[in-house]
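Close look at the chain arrangement
Listed below, chain by chain, are the residues.
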Amino acid sequence: VCFLNVAFAQTAYKPSAANLENRAWFEASRFGVFIHWGVYSLLGDGEWVMNDQKLSLSEYGLLPKFFNPQDFDAKAWAKLFKDAGAKYITFTTRHHDGFSMWNSQTSDYNIVKSTPFKRDIVKELVEACRAEGVRVMFYYSLLDWKRNDYTPLGRTGNGIAGRDLEQGDWNRYIEFMKTQLTELLTNYGQIDGIWFDGHWDKKDADWQYEEIYSLIHSLQPQCLIGNNHHMAPIEGEDFQMFERDLPGHNTTGFGTAADAVGSLPKEVCGTIAGSWGFNIKDRQQKSFKEVLSYLVKAAGYGSNLLLNVGPMPNGEIQDYQQERLRQLGDWLKQYGESIYGTEGGFVRPTDDYALTKKGNTIYVHLLNADKASFLIPNFTFKVSSLVSFDGKTKVNFHQLDNDVLVLQLPEGLRDTNDLVLKLSIK
Ligand code: FHN
């Protein structure tokens, strides 16, 4: 027993001081922009096009030859993200197609060596965001549809013609990923997070996370690790992520049960469009109210929102997606204090309201303020005053014995997107 304890103590992950500091920064940030962009964007059918359209490796391999996004302007993107009020971005350095968006030395299958564009997009984006004070995290796919050494244990992508299923070499694949992660964390300055995805393709494989995670933390101790494995966090991870669903919800089928929501910083990722990568059949565009509610409810759960854009093949972000980001930015300029640096999770948000807290102030976000009164259950604080966000209008309230807070909105105090009230507690 003693021996086991010692062994456990040696391997248990203890985040460094720099890492803990970065977790605090991350939690206070509340809003980031996710970017899905790669050679798949050329076909305008989402980032899964290779798998969905059953393209062979040689067919898909034609795409890099045409990837030449002449209108890509990293500085303009970075300014847009800054204006949106985003504190960080998470960029797809490599999605499931295995194509690297930086000048990787591991193979020629990358932006610099096999496209006419020849520019290191990761480098340009990192530099531009840094200049705007927007931090950078890297999305990195564990799943790979191209490499032969990935295949023998795999499932997804086995239908892709041109892969030699016999040639698998799992350890070589892990070594390859380590080399790539080392490049990403050595050549681009401070990177604040690695965002893994694709674990679910091989749930039973030995992903060697202990080694991979310690490599990341040894290269950059502050770098936060998250893994979209759709499970409760495992040893070595620094934040917990939720795909499309709010923490503890499971409308997508791969959501996380309420009891799997842990105490690490949280992040919900979601789209402005229907899909992540550029899709010309984009019929599920979210309105401003929808993206705002997403952000506000995420904050009400004590979680960040990582809101995705899918830039076009020419390097531009679609107008309506830019517009949503700017609308959020304008809103955050006015109401940011009710989102950034707040706590959440003390009252479960609904479609009608979400509550955030900073010190003795609670921000009550009313998402359907065309109603005249609201009942908020499980409200255990004692209220001393309740006013409109600008402090100019008093709002009537009373507290029932069973911890229900009753709000009565005066005529004229309405906001169809999100009416924010300020409540002081004793
Ligand atoms: O398969 C990916 C998908 O393309 C996208 O990257 C999302 C983002 O969370 N993650 C995966 C699905 O779980």
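Residues numbered from 1 in each chain as written. Predicted model: local features only at pLDDT ≥ 70, side-chain atom pairs only at ≥ 80, totals over all residues.

1. Examining the sheet that holds strand β14 (residues 405-408)
One open sheet holds the three strands; their spatial order is β11-β14-β13, and the pairing between them is antiparallel. With one partner strand each, in any of the chains shown, β11 (373-376) and β13 (396-399) form the two edges of the open sheet. The average undirected angle you get between the axes of adjacent strands in this sheet is 15°. Direction of pairing for β13 relative to β14: antiparallel, over a ladder of four bridges. Among the inter-strand pairings, Phe397 is bridged to a residue of β14, identified as Leu407. (Pairing = 2+ DSSP bridges. Helix = DSSP H or I, 4+ residues; strand = E, 2+ residues; numbered from the N terminus. Axes fitted to C-alpha atoms, helices over the stretch in contact; angles between N-to-C directions.)

2. Some remarks on the domain arrangement of the protein chain
Each domain of the protein chain was delimited in the assignment, giving domain 1 (15-338) and domain 2 (353-425). Just the C-alpha atoms count here: the centres of domain 1 and domain 2 sit 36 Å apart. With 10 residues of domain 1 at the interface, the matching set in domain 2 holds 10 residues. Considered class by class, the residues forming the side of domain 1 that touches domain 2 number five nonpolar, three polar and two charged. (Domains from an automatic or database assignment. Contact = placed C-beta atoms within 7 Å. Nonpolar A, V, L, I, M, F, W, Y, C, P; charged D, E, K, R; others polar.)

3. Regarding the site of the ligand
Around the ligand sit Glu47, Trp48, Asp197, Asn228, Glu243, Cys269 and Trp276, and that is every residue in its neighbourhood. The class makeup of the residues in the shell around the ligand is three nonpolar, one polar and three charged. (Near = placed C-beta within 6 Å.)

4. Things to note about the sheet that holds strand β15 (residues 419-425)
One key point about sheets: their strands pair by backbone hydrogen bonds, in either a parallel or an antiparallel sense. Strand order in the open sheet made by the four strands is β9-β10-β15-β12, with antiparallel pairing throughout. Only two strands of the sheet have a single neighbouring strand rather than two, namely β9 (353-358) and β12 (383-388). Neighbour-to-neighbour, the strand axes of the sheet open up by a mean angle of 25°, direction not taken into account. Both β9 and strand β10 (residues 361-366) contribute to a ladder of six bridges, which runs antiparallel. In the sheet register, Ala354 faces β10, and the bridge partner there is His365.

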